[in-house]
Amino acid sequence: MILDNLTVLYLAAVLLKQLVKKHWQEGEDSFEPPVVSDDEKDIIRRMLLLALDDPHRKICTAIGMAVASIAMYDWPEIWSDLLPFLLNLINNQTNLNGVHGAMKCLVLLSADLDDKVVPTLIPALFPSLLTIVSSPQIYDTYIRTKALSIVYSCTSMLGAMSGVYNAETGSLVVPLLKPWMEQFSSILEIPVQSENPDDWSIRMEVLKCLNQFIQNFSSLIKSEFEAVLGPLWNTFVSSLRVYELASIEGTEDSYEGRYDSDGSEISLESFVIQLFELLLTIVGNSRLGKVVAANVKELVYYTIAFLQMTEQQVHSWSVDANQFIADEEDATYSCRISGVLLLEEIVNSFGDEGFLAIVDGAKQWFTESQVRKVAGNASWWRIREATLFALSSLSEQLLETQESGFKTSNLKNMIEQIVAEDFQIDSLEYPFLYARVFTSVAKFSSVISSGVLEHSLDAALKAITMNLSPPVKVGACRALAQLLPKAKKEIVQPQLLGLFSSLTDLLNHASDETLHMILETLQEAVKAGHESPALVERVISPVILNVWASHVLDPFISIDALEVLEVMVLMLVLLLIFIFRVS
């Protein structure tokens, strides 16, 4: 096989990196003799630097990685001319290939800095990085994004140092704030562009940098932060429509699961999650949270909209209830979970004002969903489901607010109105909304009226026995686990056999993710059937024993199964005692 020159060069750079790892530094765990001589090292270092402006990006990246691997051992003590050489490259606007190569090296170097290097690196490097970021007419988005990633790495290290060297790090940070905040603002103030992952990537680095500045230097940043707040809001609001089209409705490309040439994810959801992370930091900051307090209602309103199920989630969860449960209960990395975390922080940080903002935002979207439904919008249910998802996820905090004396009648009335209306929808056509109604009833059962609870219990008992989609069954189980303990026996007893039959059928098809939920529901069903212990034992015992035997090595599932058996045994013992006394 004949290799072309590019392939040979790339393989040479990769092999050189391996040579450095094994033969460069004696005493390292990975070292294997022989060691590279000092003369050979000097030649390799000089030759690599001269090749950093290779016009082929793949070759340039490989050479940059080789340079970084050597720098781990030799820079700055032995390879003292490395940084000046890289600075000369990135400052040479006539050699953009050299800029790219130098930036690749600096990105790798900045990821592995210590507190000795950073104080000298920042004054020398940051002016050049600022020039690159502020010159979109000269440097492409990729290079500007990499410059921002270096800023992020350096400020992260400064933050780690600030606990011990507070005055020193402060003196380094203060001169950076105004010029960098101006650049952050200029990038964020332009509306988010659709189908442009490069735009998402550079904004994402800006958000990460801002997060570091706020987390570590909020006392220094407050006056400059107000200037960036407006542009940040523009990015937040404009990204919603892009996210709706690309991810929620799926009519445009979201670049989900795609990565750039450096292996960094470029999906729109990753960008939105980073946006939420920054907003979470701002809201939770005692100094900066006050700045956004006046706009907390708008913040909640738009955040709820981001919680709508994506087209990909609809497809995945429709066929796999186990994935549906796992994604919700395991707090997976997603826009929905990040948005809920922000809403939780809003309630925690703003108290009653946060509570009112949540209720007000939910009301607005409930009304909007009704308007969309009447207008024939096929996606009207998504925002309704997102509203209920937000309220259900915050149920503990919202109910605690009620216990503290704050009136929640508006919340109660709104939930009952939604429940009453949405139990009339077609569970086959809108399975996720129907399932979310069940979950909402379970979460707010302590404040919902008895009439609504009885109606919900009846709907759940019917849903669990019908041939409905997996999400609806999940929602019904969640509702039954909460409602059965307080249910009237005349409602439950006639449907007990069908309930047991359906739950045991679900057990036979359940994965580890759903077993816990079904066993919890089954335990409450067994308790509700205490007046028919023989029926319960005959139907349930064989199935539960099989579950326990199959999962005896899993402590969580086996304990759940044993708890169901314990309830059954207790029922039978009480029955025997009763028979003995009567006789």
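Model, not experiment: these values are computed from the prediction. (Residues numbered from 1 in each chain as written. Predicted model: local features only at pLDDT ≥ 70, side-chain atom pairs only at ≥ 80, totals over all residues. Heavy atoms only, no water.)

Caption draft 1: View of the overall build of the chain. Looking only at helices and strands, the chain has 26 helices and zero strands in total. Looking at the chain residue by residue over its 583 residues, the buried ones come to 52%. If you take every contact in the chain between residues at least 6 apart in sequence, the share linking residues at least 24 apart comes to 73%. Entry remark: accessible area of the chain is about 26600 Å², with carbon and sulfur atoms responsible for 54%. Taking the average location of the 40 positive side-chain charges in the chain and that of its 73 negative ones, the two points are 5 Å from each other. (Helix = DSSP H or I, 4+ residues; strand = E, 2+ residues; numbered from the N terminus. Buried < 20%, exposed > 50% of the residue type's maximum accessible area, 1.4 Å probe, protein only. Contact = heavy atoms within 4.5 Å. Areas by Shrake-Rupley, 256 points an atom, 1.4 Å probe, with all protein chains shown as cover. Lys, Arg positive; Asp, Glu negative; His and termini not counted. Charge placed at Lys NZ, Arg CZ, Asp CG, Glu CD.)

Caption draft 2: Spatial organisation of the layout of surface pockets. In this model, the largest pocket occupies a volume close to 800 Å³. Of the residues in the lining of the largest pocket, the class split is ten nonpolar, ten polar and nine charged. Lining of the second largest pocket is provided by 26 residues; of these, Thr 145, Lys 146, Glu 205, Asp 260 and Ser 264 occupy positions nearest its centre. At the level of secondary structure, the elements contributing two or more residues to the lining of the second largest pocket comprise α5 (96-110), α7 (141-162) and α9 (197-248). (1 Å grid on protein atoms, 1.4 Å probe; cavity = no way out; pocket = protein on both sides within 12 Å on 5 of 7 lines; lining within 4 Å. Points joined across faces, edges and corners; volume = space filled by probe spheres on them. Nonpolar A, V, L, I, M, F, W, Y, C, P; charged D, E, K, R; others polar.)

Caption draft 3: Focus on the pattern of salt bridges. Using the criterion set out here, one finds 18 salt bridges in the structure. Residue Asp 74 is joined to Arg 45 by a salt bridge in which the shortest nitrogen-to-oxygen separation is 2.6 Å. Linking Asp 74 in helix α3 (residues 57-74) with Arg 45 in helix α2 (residues 38-50), this pair joins segments that are 29 residues apart in sequence. For the residue pair Asp 74 and Arg 45, the accessibility class agrees, reading buried in each case. With a shortest N-O distance of 3.0 Å, Asp 199 and Arg 203 are connected by a salt bridge. With Asp 199 and Arg 203 both in helix α9, this residue pair falls four residues apart, about one helical turn. When sorted by exposure, Asp 199 lands in the same class as Arg 203, which is buried. Here the salt bridges do not stand alone but share partners, grouping Arg 241, Glu 244 and Glu 249 into one network. (Salt bridge = Lys/Arg side-chain N within 4 Å of Asp/Glu carboxyl O.)

Caption draft 4: Looking closely at the nonpolar core. Counting 191 residues, the largest nonpolar core has Phe 184 and Phe 438 as its most contacted members. The leading source of residues in this core is α9, at 21 residues. Excluding residues that lie within four positions of it along the chain, Phe 438 makes contacts with Phe 423, Ser 456, Ala 459, Ala 460, Ala 463, Val 472, Gly 475, Ala 476 and Ala 479. (Core = buried A, V, L, I, M, F, W, Y, C linked by side-chain atoms within 4.5 Å.)

Caption draft 5: Looking closely at the confidence of the model for the chain. When pLDDT is averaged along the chain, the result is 86; 92% of the residues meet or exceed 70. For the chain, the element scoring lowest by mean pLDDT is helix α26 (residues 555-582), at 62; helix α12 (residues 296-306) scores highest, at 97. (pLDDT = per-residue confidence, 0-100.)

Caption draft 6: Local environment of empty space enclosed by the protein. By the definition in use, this model includes one cavity of 30 Å³ or more. Estimates place the volume of the largest cavity at around 40 Å³. What lines the largest cavity is simply Trp 75, Leu 83, Leu 106, Leu 109, Ser 110, Leu 113, Leu 121, Leu 125 and Ile 150. Counting only elements with at least two residues in the lining of the largest cavity, the list comes to α5 and α6 (118-133). Looking at the lining of the largest cavity element by element, the count peaks at three residues for α5. Here the residues of the lining of the largest cavity sort into eight nonpolar, one polar and no charged.

Caption draft 7: Quick look at the packing of aromatic side chains. Evaluated as defined, the whole model comprises 20 aromatic pairs. Taken together, a centroid distance of 6.2 Å and an interplanar angle of 70 degrees make the contact between Phe 236 and Phe 276 edge-to-face. Of this pair, Phe 236 sits in helix α9 while Phe 276 sits in helix α10 (residues 268-284), placing them 40 residues apart in sequence. Accessibility classification places Phe 236 together with Phe 276 in one group, the buried group. (Phe/Tyr/Trp six-rings, centres within 6.5 Å; stacked < 30°, edge-to-face > 60°.)

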